[in-house]
Structures are given as C-alpha cells and as structure tokens.
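# What the coordinates show
Here are the chains, one letter per residue:
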Amino acid sequence: MPGTAIVEPMPTCQVVGAGAEVIGKQGHLHTPGISAQSAGARRIHLQIARIPPGGRANAHKHDGHETAIYIPSGESCMWYGEKLEQHLIARAGEFLYIPANMPHLPYNLSASESCVAVIARTDPNDQESVVLLPELDGAHGP
C-alpha cells in the first residue's frame, strides 16, 4: 500500500546459546554468540575466538567497525598498522582495542596454550565487515 511504512519489531531481551566453533574468514576459530542472526542485534556482535597453540589469523581489517577484546586466557600477539609494522602483546586479564579499518594479524606464540578472546564488534553481522588483506599475509613469516 503506498505511503505505508514498514515497521520492524523492536528487539527484546533473550538468552542465546553459543554457536558451533567455526573457522572464520580471518582464519582463526570462533564461536558465534550475539549477532543480527542469533538475536536480532542491530549495532553489536559478541563472540569467543580461539587461536590454537602456534596458530595465526590471516591479515585483515574490519571495514568501518571497531573491535573490543578481552583475553580471559593465554596471550595474543598482534601485528598491526598499514603495513603491519607495529606490534603488541595482549595477556590474560587485559583488554585490547582495535580501531575501525586497522589492518591487523593476530597470532599465538605459545606452543602449548590456546589464546581465548571475548570479542565485541560494532558490526552486528559475524563476518560481513571482514576484509582480507592477502598482500600483508607474508609480512611476518608464513
């Protein structure tokens, strides 16, 4: 009917079970939690990521979306910057912020312990904003 606006229902509070652990575009394991798909979220996504011992992600960025991370166990090293020229280490009990559009490549230096991260992103869709940067994958080893 002309002139009739489509009204989307308001999201409501809900409990969402963890999804199955999958390998995302970034190349590390993640367990989906809150997202547009699971809860109707509009501006946030929450997941658990795991980088196994000696594992690393693919170089990537999140187009237009910020990321906040809490590390409950293990430690993650990360190369970041336009050419992955900067480096940091986030340890258990620490938080990490990644600005929108920041190229980064997280990895786990430990040979025996997985790094577990709780990740919140301003993109409500799990993988939509991931932009792979294969030209940077070889910047720091295989």
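Notes on the structure follow. Owing to the predicted nature of the structure, the values given are computational and were not obtained by experimental measurement.

Hydrogen bonds along the backbone pair up the strands of a sheet, which may run parallel or antiparallel. On the basis of which strands lie adjacent, the open sheet formed by 6 strands has the order β1-β2-β3-β10-β5-β8 and antiparallel pairing. In this open sheet, the two edge strands, each paired with only one partner strand, are β1 (22–23) and β8 (95–98). Bridge count between strand β2 (residues 29–34) and strand β3 (residues 45–51): 5 bridges; the pairing is antiparallel. Its bridge partner lying in β3, leucine 29 is registered against arginine 50.

This paragraph deals with the packing of aromatic side chains. Applying the stated rule across the entire model yields 1 aromatic pair. Judged by centre distance (4.8 Å) and plane angle (45 degrees), the rings of tyrosine 70 and phenylalanine 95 are tilted. Here tyrosine 70, found in strand β5 (residues 67–73), pairs with phenylalanine 95, found in strand β8; they are 25 residues apart in sequence, far enough to count as distant. Of the residues examined, tyrosine 70 reaches a relative accessible area of 31% and is grouped as partly exposed. When its relative accessible area of 67% is taken as the criterion, phenylalanine 95 is described as exposed.

Our focus in this paragraph is the pattern of salt bridges. For the structure shown, the criterion picks out 2 salt bridges. With a closest N to O distance of 3.0 Å, glutamate 21 and arginine 50 form a salt bridge. Of this pair, glutamate 21 sits in the segment before β1 while arginine 50 is found in strand β3, placing the two residues 29 residues apart along the sequence. The class of glutamate 21 is partly exposed, set by a relative accessible area of 40%. A residue is classified by how much of its surface remains accessible, and arginine 50, at 26% relative accessible area, is partly exposed. The shortest N-O distance in the salt bridge between arginine 91 and glutamate 75 comes to 3.4 Å. Of this pair, arginine 91 sits in strand β7 (residues 86–91) while glutamate 75 sits in strand β6 (residues 75–80), placing them 16 residues apart in sequence. Take glutamate 75: its relative accessible area is 30%, and that puts it in the partly exposed class.

What counts and what doesn't
Residues numbered from 1 in each chain as written. Predicted model: local features only at pLDDT ≥ 70, side-chain atom pairs only at ≥ 80, totals over all residues. Heavy atoms only, no water. Pairing = 2+ DSSP bridges. Helix = DSSP H or I, 4+ residues; strand = E, 2+ residues; numbered from the N terminus. Phe/Tyr/Trp six-rings, centres within 6.5 Å; stacked < 30°, edge-to-face > 60°. Buried < 20%, exposed > 50% of the residue type's maximum accessible area, 1.4 Å probe, protein only. Salt bridge = Lys/Arg side-chain N within 4 Å of Asp/Glu carboxyl O.

In short, the description is geometric, and any link to function would need to be established separately.
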